[in-house]
Each structure stands twice: as C-alpha cells, then as structure tokens.
Amino acid sequence: NAAYSMFFFVYIIVVVFAMFRIISALFLRDTLAVASNDAEIAVQEKLKHKERYASKLLDFFHAADTSQDGFLSLQEFEAILLDEAVRTWLSLMEVDVHDTAQLFKILDSGDGMVS
C-alpha cells in the first residue's frame, strides 16, 4: 500500500531528525559544561597568580626595608635597585625599574615613604 509506505517513510525521517537533534543537544550541553569549567579554572588560576605576585612584591619590600621600620624610603628603594638580581627579578615581573624616582613616586602615598 502506497499510503502506508509514505507514512512509514515520513515517520522514519522525523524520528531520525529528532534523534540527530537530541544527540546534538547532548554534545552541546557537554561542550558548554566543559567550557564553563575551563572558565572557572582560568579565574582560579588568575587569582592564584595575583596572590603569588602580591606575595613576591611583599617579600621584595620586606627585603628592601633595611631600617626594619615598616616603611621604605627613597634611599632604601634606590639601594635595593642597585642589585642586578633585584632588577632582573623585577623585570621578570614586568616592573620597569629604569627610572627609580618615578617608580618610587608612583608607589609613594605623598609622605616620601612607601608602606
């Protein structure tokens, strides 16, 4: 019967199309879940990087504070920047140390000391 075969043919096409849509939706859901997880991991890594960076800078300021008063004067700052290892370390952290007075002025709160 021609009507029966036409109905069966349309039915098969609809079912196959629906199956493809379901499979595509499942792949898309998994892909979005992985992408979301990757974004969360990237944010966590960025926060860890910031914490490590802040810790290293704090260690630098503690090492530069030769008077141990909790403040860094321009003289202490310039003295620590004479050390080539410190200059290299700061350049690796992407801090330009060529103009020490300008760098100190950026960090200074206006009282001639960095705390």
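Keep in mind that what you see is a predicted model, and the values were worked out from it rather than measured.

A.B. asks: Got a minute to help me understand the confidence of the model for the chain in this structure?
C.D. replies: Reading fine detail from the predicted coordinates is not recommended where pLDDT is low. For the chain, the average pLDDT comes to 84, and 98% of its residues sit at 70 or higher. For the chain, the element scoring lowest by mean pLDDT is helix α4 (residues 100–107), at 74; helix α1 (residues 2–64) scores highest, at 88.

A.B. asks: Even after reading the chapter, I still don't get the side chain of Ser73, so can you show me in this structure?
C.D. replies: Note on placement: Ser73 falls in strand β1 (residues 72–73). If near-sequence neighbours (up to four positions away) are discounted, Ser73 is found in contact with Phe104, Gly112 and Met113.

A.B. asks: Would you take a moment to explain the packing of α1 against helix α3 (residues 84–92) for this structure?
C.D. replies: For any two helices packed against each other, the geometry comes down to the angle between their axes and how far apart the axes lie. With their axes 12 Å apart at the nearest point, α1 and α3 run at an angle of 160° to one another. Between α1 and α3, the angle falls in the class roughly antiparallel. Crossing geometry of α1 relative to α3 is assigned as left-handed. Residues Lys56, Leu57 and Phe60 of α1 form the contact with α3, whose own contacting residues are Val86, Trp89 and Leu90. Along the lines of polarity and charge, the residues of the contact of α1 with α3 split into five nonpolar, no polar and one charged.

A.B. asks: How should the packing of α1 against helix α2 (residues 74–81) be read in this particular structure?
C.D. replies: Where α1 meets α2, the closest approach of the two axes is 9 Å, and the angle between their N-to-C directions is 105°. Comparing the axis directions of α1 and α2 gives the class roughly perpendicular. Note on element contacts: α2 touches α1 through Glu76, Phe77, Ile80 and Leu81, opposite Phe60, Ala63 and Ala64. Looking at the contact of α1 with α2, its residues break down into six nonpolar, no polar and one charged.

A.B. asks: Explanation requested: α1 in the structure shown.
C.D. replies: Since the α-helix turns once every 3.6 residues, residues separated by three or four places project in the same direction. An ideal rise of 1.5 Å per residue puts 93 Å on 63 residues; α1 measures up with 92 Å between its terminal C-alpha atoms. Two or three places before Ala3, at the start of α1, stands the capping residue Asn1, its side-chain oxygen 3.4 Å from that residue's backbone nitrogen.

A.B. asks: What should I look at first to understand the nonpolar core in this one?
C.D. replies: Nonpolar side chains in soluble globular proteins tend to end up buried together. Of all hydrophobic cores here, the largest spans 14 residues; its most connected members are Phe60, Phe77, Leu81 and Leu90. Taken together, the elements giving at least two residues each to this core come down to α1, α2, α3 and α4.

A.B. asks: Explain the packing of aromatic side chains to me, please; I cannot follow it from the model alone.
C.D. replies: To describe a pair of aromatic rings, you give the distance between the ring centres and the angle between the ring planes. As enumerated under the stated definition, the model contains one aromatic pair in all. Each ring, one from Phe7 and one from Tyr11, has its centre 6.4 Å from the other, and the planes form 20°; the classification is stacked. Of this pair, Phe7 and Tyr11 are both found in helix α1, four residues apart, which corresponds to roughly one turn of the helix. Classification of Tyr11 by relative accessible area gives partly exposed; the value is 47%.

A.B. asks: Help me out: how do you make sense of the side chain of Asp65 in this one?
C.D. replies: Structurally, Asp65 can be placed in the loop between α1 and β1. Although Asp65 lies buried, it forms no salt bridge, and the closest oppositely charged side chain, Arg87, sits 19 Å away as judged by the N-O distance. In this structure the side chain of Asp65 is engaged in a polar contact, spanning 3.2 Å, whose partner is the side chain of Ser67.

Rules behind the numbers
- Every chain's residues receive numbers from 1 upward, in the order its sequence appears when written.
- Given that this is a predicted model, residues contribute local features only at a pLDDT of at least 70 and side-chain atom pairs are listed and counted only at 80 or more, while totals for whole chains, interfaces and linings are drawn from all residues.
- Think of the side-chain values as coming from all heavy atoms in the structure, minus any hydrogens and water.
- Across the chain, each position has a pLDDT score giving the predictor's confidence in that residue, from 0 to 100.
- Secondary structure elements are defined from DSSP: runs of H or I of at least 4 residues count as helices, runs of E of at least 2 residues count as strands, and each element is numbered from the N terminus.
- The contact rule is simple, with two residues in contact once any of their heavy atoms fall within 4.5 Å.
- To obtain each axis, a line is fitted to C-alpha atoms, and for helices this fit is confined to the stretch in contact; angles are then taken between N-to-C directions over 0 to 180 degrees.
- With respect to orientation, any angle under 35 degrees is reported as roughly parallel, any angle over 145 as roughly antiparallel, any angle of 65 to 115 as roughly perpendicular, and every other angle as oblique.
- Left-handed describes a crossing whose near helix is turned anticlockwise from the far helix by less than a right angle; the clockwise case is right-handed.
- When residue character is reported, Ala, Val, Leu, Ile, Met, Phe, Trp, Tyr, Cys and Pro are called nonpolar, Asp, Glu, Lys and Arg charged, and the others, Gly included, polar.
- By this rule, a helix spans an expected 1.5 Å times one less than how many residues it contains.
- Two N or O atoms count as a polar contact when they lie within 3.5 Å, although within protein this holds only if one can serve as hydrogen donor and the other as acceptor, and sequence-adjacent residues are included solely when both atoms are side-chain atoms.
- Here, nonpolar core refers to any group of buried Ala, Val, Leu, Ile, Met, Phe, Trp, Tyr and Cys residues whose side-chain atoms link them within 4.5 Å.
- We call a residue buried when its accessible area falls under 20% of the maximum for its residue type, exposed when it is over 50%, and partly exposed in between, using a 1.4 Å probe and counting protein chains only.
- Centre distance within 6.5 Å is the pairing criterion for rings of Phe, Tyr and Trp, where only the six-membered ring of Trp is used; planes under 30 degrees apart are then read as stacked, over 60 as edge-to-face, and the remainder as tilted.
- In this tally, Asp and Glu contribute negative charge and Lys and Arg positive charge; neither His nor the terminal groups of the chain are included.
- For this document, the term salt bridge refers to a Lys or Arg side-chain nitrogen within 4 Å of an Asp or Glu carboxyl oxygen.

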